[in-house]
Amino acid sequence: MKNKTIKVEYLARVEGEGGLYVRTKGGRVSDVRLNIFEPPRFFEAFLRGRYMHEVTDITARICGICPVAYQMSAAHALEDALGIKVTGPLRDLRRLLYCGEWIESHVLHAFFLHAPDFLGYQDAIQLSKDHPKIVDSALRMKKAGNEIVRVVGGREIHPINVRIGGFYRLPRRAELSALRESLLAVREEARAAVLFSGTLPFPELEIDYQFVALRHESEYPFCEGRLVSNRGLDIAIRDYNEHFVETHVEHSNALHSEMRGGGAYFVGPLARYHLNHELLPAACREAAAAAGLGPTCRNPFRSITVRCLETMYAIEEAIRIIENYEAPDAPFVEAGPCAGIGHGCTEAPRGILYHRYAIDEDGRVREAKIVPPTSQNQKTIEEDLRAFVESHSHLNDEQLTWQCEQTVRNYDPCISCATHFLKLHREEG
Amino acid sequence: MSKIRKPKLAVWKFASCDGCQLSLLDCEDELLTVAGILDIANFAEATRAVLKGPYDLSLVEGSITTPHDAERIHQIRRMSKHLVAIGACANAGGIQALRNFRDVNDFINIVYASPEYISTLAKSTPISDHVHVDFELRGCPIDKKQLLEVVQAYLQGRKPRTPAHSVCVECKLRGTVCVMVAKGMPCLGPVTYAGCGGLCPSYHRGCFGCFGPKETVNTASLAGWFASHGVKRIDRVDAFRGFSAWSDAFRKESEAQERDEGADHA
């Protein structure tokens, strides 16, 4: 076959600025690049010298789609440095807040960024003209997720209520009751979304991934647990740096992550699901089975079903938390500044988000390190593109370009996060 | 059948977190209505489809931080009848403007192992430093109701109506007890534009300036109050070095506090 170059200058329906470039020679991919031209913003540099209580507010600004993830990883890392632990109802409220972010972020991706690909639409607005019920239902679920973030966090984007030790103010009983009502109203829709997602036409691709996610002994993971893989990794969060390394490549303003001696790895919904599915409630497992999802899913295009499943889970979990909630005595655990080093890793909607801070005795940041999920997935995305193009050379240029874009969108890449991400070029060559 | 041409809306991104453009997608109740009135002609985060310019209304998110972006904003201006800068990055350079106070090469070396791959400008600057801006919508993030007001105003051919008062007024309207007076907490409310609804004080914390400096502010007086209530010099500097650090008013005040070495007894 002839040599080809597939190029997409500016990827649509991803968060942030990136493109894609694949070059083939004699039916084999000779070069594949996820170009990230999103400009760098240097968070790790300007965090130095800032007071510890500013970190949750500043790091939220890395990403407008998953600010809660940044706030959670930062708070846990700083609490680790200060030697405190948030437990009981405060911990439950954090889980509730995270449920809100998973719902709004997953629904945004599944229905507004990803679903149009499968059904041949340019966007969800066009999709809504032919399938108004699907889009209306997605908007209601997304709104319910945003409601959680607004009630617990203060506002939907860049919440203001998260602090080291807990929250500035506890939500009122009446606010939580209203939330419960709005969640009950979309509970069935979430289940229907899982089943609908299972009916989509999935391109064929099976890859033997190295999955990495948090695992907690008794619950589907958000903020705590051990870092585990399907190939034997089982480490404490604080040992992250001993097992993972970031490298700087010329075509990306986002650092690439690799497992030391282990190459590319996969973080996000498929990894979480593979490593934790037995911890999902029975209703979610039944919905997964009904949507055709086994205990492991290695087709990245099916990640949409796992996102819908995690949305269903987050709604169930949020309802459970609200129904069992009893207000704690104080909105936060006090912690004075002291010198220390702390690590935090939480499950952002797109996968594990690792933070490490060194602070001095006055509580000022000496060093910050932040590893977002998308930079960890970059290498795997490039490998998926390679595998997809080599196994789908029968497609015409337009189909191949579209499905290469879709291959990238499978990851819900957040380029704004990773820079500190993406570009598909196809040239006849 | 004759068809009235719908106005074309474009959304553009520069250095930013995507949060302000997400505000449009977060209008769950209004999104489909907006999409019915306007043609969403260029909005990469939401659609693959791109309609050619010119555009009736361009919403620009993010700050200018690369040589390429400094060129791109001029192309966008030429294609746009009205250009509205949305959010603290577009209006003041954003949190990434903290580099402006330091040597950017030090920053590159801290974050990236191979600094030669990075192309960046020494300063992160607002859109208005580069092209004419018809309206600045403030906030980090912007408020979605204010965003809808801006879109509606341009559809109706009038100027957007956003409040010109400070966060203090919002606290009074909301009935929030003043955190400065009652608790002695440092708060940027007196010098910050309204728009958030007086959010932080209602959560028992001081305002940290998301909506940027309002016009005619007395930041020196506020900084003096901070000093008299035991706020250390370094924290007074940092208070003005947030998401609108490179705005004229906050930049000058943070620099004044930085010079004010003798005043710190804490």
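These numbers were taken from a predicted model, which means no experiment stands behind them. (Residues numbered from 1 in each chain as written. Chains lettered and ligands numbered in written order. Predicted model: local features only at pLDDT ≥ 70, side-chain atom pairs only at ≥ 80, totals over all residues. Heavy atoms only, no water.)

Considering the packing of aromatic side chains
Throughout the structure, instances matching the rule amount to 22 aromatic pairs over all chains. Linked through ring pairs, Tyr98, Trp102, Tyr220, Phe222 and Tyr313 of chain A together constitute an aromatic cluster. Against the face of Phe243 of chain B rests Arg61 of chain A, its NZ or CZ located 3.8 Å from the ring centre. Sitting above the plane of the Tyr203 of chain B ring, Arg169 of chain A keeps its charged end 4.3 Å from the centroid. (Phe/Tyr/Trp six-rings, centres within 6.5 Å; stacked < 30°, edge-to-face > 60°. Lys NZ or Arg CZ within 6 Å of the ring centre and 35° of its normal.)

A word on the domain arrangement of chain B
Residues and elements named next belong to chain B. As far as domains go, chain B holds domain 1 (8-156) and domain 2 (167-260). Inter-centroid distance (C-alpha atoms) of domain 1 to domain 2 is 25 Å. Across the contact, 17 residues belong to domain 1 and 15 residues belong to domain 2. Between domain 1 and domain 2, roughly 1300 Å² of surface is buried when both sides are summed, and carbon and sulfur atoms account for 69% of that area. On the domain 1 side of the contact with domain 2, Phe101, Arg138 and Cys140 bury the most area, a combined 41% of that side's loss. Where domain 1 touches domain 2, the interface holds 0 salt bridges. At the boundary of domain 1 with domain 2, the tally comes to 1 residue pair in polar contact (both at pLDDT 80 or more). The residue makeup of the side of domain 1 that touches domain 2, split by class, is 9 nonpolar, 5 polar and 3 charged. (Domains from an automatic or database assignment. Contact = heavy atoms within 4.5 Å. Buried area = accessible area lost by both parts, 1.4 Å probe. Salt bridge = Lys/Arg side-chain N within 4 Å of Asp/Glu carboxyl O. Polar contact = N/O pair within 3.5 Å; in protein donor to acceptor, adjacent residues only side chain to side chain. Nonpolar A, V, L, I, M, F, W, Y, C, P; charged D, E, K, R; others polar.)

A short note on the pattern of salt bridges
Under the criterion given, the structure shown has 52 salt bridges over all chains. Between Asp29 of chain B and Lys143 of chain A there is a salt bridge whose closest N-O contact spans 2.6 Å. Residue Asp29 of chain B is found in the loop between α1 (19-25) and α2 (31-37), and its partner Lys143 of chain A is found in helix α6 (residues 132-153); the two belong to separate chains. On the basis of relative accessible area, Asp29 of chain B is assigned to the exposed category, the value being 52%. On the basis of relative accessible area, Lys143 of chain A is assigned to the partly exposed category, the value being 30%. Residue Asp18 of chain B is joined to Lys13 of chain B by a salt bridge in which the shortest nitrogen-to-oxygen separation is 2.7 Å. In terms of burial, Asp18 of chain B and Lys13 of chain B fall into one category: buried. The structure contains a network of salt bridges with shared partners spanning Arg91, Arg95, Glu219, Glu224, Glu317 and Arg320 of chain A. (Helix = DSSP H or I, 4+ residues; strand = E, 2+ residues; numbered from the N terminus. Buried < 20%, exposed > 50% of the residue type's maximum accessible area, 1.4 Å probe, protein only.)

Notes on the packing of helix α10 (residues 219-228) of chain B against helix α11 (residues 233-240) of chain B
All names here are of chain B. With their axes 10 Å apart at the nearest point, α10 and α11 run at an angle of 145° to one another. Once α10 is placed against α11, the crossing between them reads as right-handed. Contacts from Thr219, Ala223, Phe226 and Ala227 of α10 reach α11 at Arg236, Ala239 and Phe240. For the contact of α10 with α11, the residue count by class is 5 nonpolar, 1 polar and 1 charged. (Axes fitted to C-alpha atoms, helices over the stretch in contact; angles between N-to-C directions. Left-handed = near helix turned anticlockwise from the far one by under 90°.)

Here's the deal with the environment of Pro89 of chain A
Residue and element names in this part refer to chain A. Along the chain, the position of Pro89 falls in helix α4 (residues 88-119). C-alpha separation for the pair Pro89 and Gly166, spaced 77 residues apart in sequence, amounts to 9.8 Å. Residues within four places of Pro89 in sequence aside, it is in contact with Tyr325, Glu326 and Pro328.

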